Amino acid sequence: PKSGQVIGLSKFARITEVLARRLQNPDRLALELADVLNTLIQPQGVAVVIQSRHMSHTVQEGLTRVSAGVHGCLSNKSQWQEVMALLGLSEDATAHLTPS
C-alpha cells in the first residue's frame with residue numbers, strides 16, 4: 001500500500017458486514033468493497049470477487065453468479081486473467097467481468 005497501512009482480516013469481514021447490511025446486489029457490493037479498500041489502504045491493485053447463488057426454489061439448483069470490483073494494476077487484462085485462474089474460476093463464468 002502507498003500509505004504503508006496494513007489491515008487485518010477481521011477488518012475485511014467488518015467492512016463487508018457493514019456494506020452487506022444495505023439493500024444490495026452482488027455486483028454493487030463487489031464494487032463498493034473494492035472502492036472502500038482502494039480508498040482506505042491505497043494498494044497498487046485490489047480485486048473483490050463474489051460468487052453468489054440465488055436461493056429461490058424456482059431457479060435451477062447450483063446456478064451461481066460471479067461479480068467483481070477491480071482497481072489499479074489488476075485492471076490490466078493479463079493480471080485479471082491471472083487472478084481468475086488463481087481463484088479457479090473458468091473463463092466462461094467470468095467473461096462478462098474481464099476489464100477492457
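Structure's up top.
First, a word on what this report is: a plain description of the structure on this page. Just so it is clear, the structure is predicted and the values come from calculations on it, not from any experiment.

**A word on the overall build of the protein**
Across its full length, the protein holds four helices and two strands. Listing each helix as α and each strand as β along the protein from the N terminus yields α-α-β-β-α-α. Out of the 100 residues in the protein, the part that is buried amounts to 24%. Pairs at least 24 residues apart make up 50% of the contacts formed inside the protein by residues separated by at least 6 positions. Counting every atom, the protein has about 7,100 Å² of accessible surface; 54% of that belongs to carbon and sulfur.

**Topic: helix H3 (residues 77-86)**
Turning to H3, its buried residues are Trp 80, Val 83 and Met 84. One side of H3 carries all its buried residues, which in axial view fall inside an arc of 95°. Among the exposed residues of H3, those oriented more than 90 degrees off its buried face are Ala 85 and Leu 86. The first or second residue beyond H3 is Gly 88, which carries a positive phi of 75°.

**Regarding the side chain of Ser 67**
Secondary-structure assignment places Ser 67 in strand E2 (residues 64-72). Polar side-chain contacts of Ser 67 include one of 2.6 Å to the side chain of Asp 27.

**Considering the environment of Ile 41**
Summarising the element assignment, Ile 41 is placed in helix H2 (residues 26-41). Residues Ile 41 and Gln 5 lie 36 residues apart in sequence; the distance between their C-alpha atoms is 5.9 Å.

**Section: the environment of Pro 43**
By the element assignment, Pro 43 lies in the loop between H2 and strand E1 (45-53). Sequence spacing of Pro 43 and Val 6 is 37 residues, and the spatial spacing of their C-alpha atoms is 9.7 Å.

Each value, and the rule that gives it
- Residues numbered from 1 in each chain as written.
- Predicted model: local features only at pLDDT ≥ 70, side-chain atom pairs only at ≥ 80, totals over all residues.
- Heavy atoms only, no water.
- Helix = DSSP H or I, 4+ residues; strand = E, 2+ residues; numbered from the N terminus.
- Buried < 20%, exposed > 50% of the residue type's maximum accessible area, 1.4 Å probe, protein only.
- Contact = heavy atoms within 4.5 Å.
- Areas by Shrake-Rupley, 256 points an atom, 1.4 Å probe, with all protein chains shown as cover.
- Arc of directions from axis to C-beta.
- Polar contact = N/O pair within 3.5 Å; in protein donor to acceptor, adjacent residues only side chain to side chain.

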